[in-house]
Amino acid sequence: MNKPTTKSVIVAAIAVLAVAAGAYYFLAPGRQAAAKPAQAAPKPALTVTAETPQTTRLPIRLVANGNIAAWQEAVIGAESAGLRLTEVRANVGDVVKAGQVLATFSTDSVQADVAQARASLLEAQANAADAAANAERARSLQSSGALSAQQINQYLTLEKTARARAEAAQAVLGAQQLRGRQTQVLAPDSGVISARTATVGSVVGSGAELFRMIRQGRLEWRAEVTSAELGRIGVGTPVSVVPASGGELKGRVRMVAPSVDPLTRSALVYVDLPSAAAKGSTARAGMFARGEFELGATDALTVPQRALVVRDGFNYLFRLGEGNRVTQLKVQTGRLAGERVDVVSGLPADARIVVNGAGFLNDGDLVRVVQENESKQASPQAAPASTAIKNGATP
């Protein structure tokens with residue numbers, strides 16, 4: 001067996017030392033850390049503002065639709081037949097008072113009839129006076145036997161007949177005088193003329209319509225309410241009505257219909273509105289209108305409307321979590337009051353939610369939270385970074 005020489009031992013020792021030195025050089029902690037690339041810290045996807053939900057007193061309103069109509073409409077017609085209309089003093093839209101003359105008929109024929117009736121009355125009164133005198137003489141001769149009982153009864157009967165004819169003539173005269181007063185068409189109540197069919201020169205029959213009038217100018221809104229909501233409305237409930245012509249009218253419930261339509265399952269609610277003649281009123285009978293019944297107020301958890309994100313037909317909010325990462329919450333909303341929305345379910349009362357910038361976020365995004373005034377200054381710079389991330393680019 002050959003023994004290793006001194007030279008080979010020295011060479012082997014040098015090789016071992018060289019390998020060890022190389023391993024130390026490459027595996028040293030400082031060298032290993034320097035060899036690895038530096039890992040960058042994650043950047044926020046967007047600069048946003050945040051706040052917590054607020055408890056707000058919100059009104060309870062019930063929305064309904066309906067038509068505006070006259071409270072009561074009066075039909076004004078001719079009371080006399082066969083008279084010629086000579087003057088029309090009222091037109092559509094005029095505000096009239098009770099007893100005001102609206103139109104007049106010709107009085108020539110009526111005056112002639114009155115004169116004839118008065119003459120007939122005078123004749124009947126003269127005959128009645130003569131019959132009364134004859135009857136009085138017959139009574140005075142009743143005990144003397146100069147006149148038979150039959151003759152006396154005839155005189156007494158003639159007295160009663162003459163008196164009845166005089167009363168009939170008086171009634172005829174009264175009827176003709178009434179007909180004379182009816183040549184003037186008077187307003188039965190105060191109100192607003194809504195229609196006119198009277199034409200000068202026409203000869204109308206008794207009862208023919210000449211005018212239509214909204215009594216006292218009062219209008220009402222007839223709202224259609226379902227039977228399920230009918231119990232929430234009572235007499236005196238305040239109502240805000242918006243007619244098709246614009247503007248807003250304030251009214252109150254006057255009456256709730258006592259019955260429900262069996263076909264539509266809805267009932268009418270009658271709401272008093274300001275007068276049709278009121279200054280600035282845009283409501284007109286026959287208009288369609290939308291209204292809201294004010295049923296009180298309750299406390300509600302509200303958030304700013306701009307914090308809501310609508311996706312796929314649902315409403316979402318983004319909640320801030322640890323490390324400023326957001327979590328998407330599906331919520332159910334209710335009433336709207338100004339710029340705030342009632343959140344019915346899905347949101348804890350102590351949660352911090354994203355307000356400005358919520359529409360650009362996804363579930364799990366990292367954000368930077370600033371104050372409202374800082375967000376307005378940082379928004380132009382934050383938008384490009386957000387767009388780049390959405391497109392899949394490296395920040």
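Quick caveat: nothing in here was measured; it's all calculated off a predicted structure. (Residues numbered from 1 in each chain as written. Predicted model: local features only at pLDDT ≥ 70, side-chain atom pairs only at ≥ 80, totals over all residues. Heavy atoms only, no water.)

Draft legend 1. Region of interest: the pairing of strand S15 (residues 266–273). With 6 of its 8 residues buried, S15 lies for the most part within the structure. Here strand S12 (residues 219–226) runs beside S15; their pairing, made up of 8 bridges, is antiparallel. Residue pairing for S15: Val225 is matched across the bridge by Ala267. The pairing of strand S14 (residues 249–256) with S15 spans 4 bridges and is classified as antiparallel. Paired with Val256 across the strands is Val269, a residue of S15. (Buried < 20%, exposed > 50% of the residue type's maximum accessible area, 1.4 Å probe, protein only. Helix = DSSP H or I, 4+ residues; strand = E, 2+ residues; numbered from the N terminus. Pairing = 2+ DSSP bridges.)

Draft legend 2. A look at the sheet that holds strand S5 (residues 83–88). Read from one edge to the other, the open sheet built from 4 strands follows the order S8-S7-S5-S10, with strand pairing classed as antiparallel. A single partner strand is all that each edge strand has here, and the edge strands are strand S8 (184–186) and strand S10 (203–204). Inspection of the sheet shows strand S7 (residues 101–105) paired to S8 by 3 bridges, in the antiparallel sense. Bridging from a neighbouring strand, Val101 pairs with Leu186 of S8.

Draft legend 3. Molecular detail of the sheet that holds strand S11 (residues 209–215). Spatial strand order, S4-S11-S9-S6: 4 strands in an open sheet with antiparallel pairing. Edge strands, defined here as strands with exactly one partner in the open sheet, are strand S4 (73–77) and strand S6 (95–96). By the bridge criterion, 5 bridges tie strand S9 (residues 191–196) to S11 in an arrangement that is antiparallel. Bridging across to S11, Ala195 finds its partner in Arg212.

Draft legend 4. Molecular detail of the environment of Asn362. Among the structural elements, Asn362 can be located in the loop between strand S21 (353–354) and strand S22 (367–369). A relative accessible area of 36% places Asn362 in the partly exposed class.

Draft legend 5. Molecular detail of the nonpolar core. Counting 29 residues, the largest nonpolar core has Leu102, Phe105, Ile193, Leu210 and Phe211 as its most contacted members. Of all elements in the fold, only S4, S5, S7, helix H3 (108–140), helix H4 (149–181) and S11 reach the threshold of two or more residues within this core. For this core, the leading source of residues is H3, giving 7 residues. Contacts of Leu210, omitting those with residues within four sequence positions, involve Ile76, Gly77, Ala78, Phe105, Val185, Ala195, Arg196, Thr197, Ala198 and Val204. Counting residues in each nonpolar core, the second largest holds 23 residues, with Ile233, Leu249, Val271 and Leu273 among its members. (Core = buried A, V, L, I, M, F, W, Y, C linked by side-chain atoms within 4.5 Å. Contact = heavy atoms within 4.5 Å.)

Draft legend 6. Broad picture of the environment of Arg215. Here Arg215 is to be found in strand S11. Exposure remark for Arg215: the relative accessible area of 27% places this residue in the partly exposed category. Each C-alpha atom of the pair Arg215 and Glu73 lies 5.8 Å from the other, and the pair is 142 residues apart in sequence. Once residues within four sequence positions are removed from consideration, Arg215 is found in contact with Trp71, Gln72, Ala74, Asp189, Ser190 and Gly191.

Draft legend 7. Structural context of the environment of Tyr316. Within the secondary structure layout, Tyr316 lies in strand S18 (residues 314–320). Once the C-alpha coordinates of Tyr316 and Gly359 are considered, the two residues, 43 residues apart in sequence, prove to be 9.6 Å apart. When near neighbours in sequence (up to four residues on either side) are disregarded, Tyr316 contacts Ala307, Leu308, Val309, Arg311, Gln328, Leu329, Lys330 and Val331.

Draft legend 8. Layout of H3. Across its 33 residues, H3 extends 49 Å between first and last C-alpha, which sits within 8% of the 48 Å expected from 1.5 Å per residue. Those residues of H3 lying buried are Val110, Val114, Ala117, Leu121, Ala124, Ala128, Ala131, Ala135 and Ala138. Next to the buried residues of H3 lie S5 and H4. (Expected span 1.5 Å × (residues − 1).)

Draft legend 9. Geometry of the packing of H3 against H4. At a closest axis distance of 7 Å, the pairing of H3 and H4 adopts a crossing angle of 160 degrees. Relative to H4, the element H3 lies roughly antiparallel. Crossing hand, H3 versus H4: left-handed. Class assignment of the residues belonging to the contact of H3 with H4 gives a composition of 19 nonpolar, 9 polar and 7 charged. (Axes fitted to C-alpha atoms, helices over the stretch in contact; angles between N-to-C directions. Parallel < 35°, antiparallel > 145°, perpendicular 65-115°, else oblique. Left-handed = near helix turned anticlockwise from the far one by under 90°. Nonpolar A, V, L, I, M, F, W, Y, C, P; charged D, E, K, R; others polar.)

Draft legend 10. Geometry of the packing of aromatic side chains. Here the structure, examined in full by the defined rule, presents 1 aromatic pair. A cation over a ring is seen here: Arg218 above Trp71, with NZ or CZ 3.9 Å from the ring centre. If you follow Lys330 out to its NZ or CZ, it ends over the ring of Phe314, 3.7 Å from the centre. (Phe/Tyr/Trp six-rings, centres within 6.5 Å; stacked < 30°, edge-to-face > 60°. Lys NZ or Arg CZ within 6 Å of the ring centre and 35° of its normal.)

Draft legend 11. Layout of H4. Here H4 spans 49 Å end to end across 33 residues, near enough to the 48 Å set by a 1.5 Å rise per residue. Within the sequence span of H4, burial applies to Ile152, Glu159, Ala162, Ala166, Ala169, Leu173, Gln176 and Arg179. Buried residues in H4 make contact with S5 and H3.

Draft legend 12. Quick look at the confidence of the model for the protein chain. Confidence along the protein chain averages 83 in pLDDT terms, with 83% of residues attaining 70 or more. Here residues 31–36 scores under 50 on pLDDT; set against residues more than four positions off or in separate chains, the count is 3 contacts. (pLDDT = per-residue confidence, 0-100.)

Draft legend 13. Region of the structure containing unusual backbone geometry. Within the chain, Gln216 stands out as a residue other than glycine whose phi angle is a positive 60 degrees. Here the phi dihedral of Asn324 falls at roughly 60 degrees; this positive angle occurs in a residue that is not glycine. By the secondary structure assignment, Asn324 is in the loop between S18 and strand S19 (326–337).

Draft legend 14. Seen up close, the pattern of salt bridges. If you walk through the whole model with that rule in mind, you get 18 salt bridges. With its nearest N and O atoms 2.8 Å apart, the salt bridge here joins Arg222 to Glu220. Assessed through its relative accessible area of 2%, Glu220 is described here as buried. Connected via shared salt-bridge partners are Arg218, Glu220, Arg222, Arg254 and Asp272. (Salt bridge = Lys/Arg side-chain N within 4 Å of Asp/Glu carboxyl O.)

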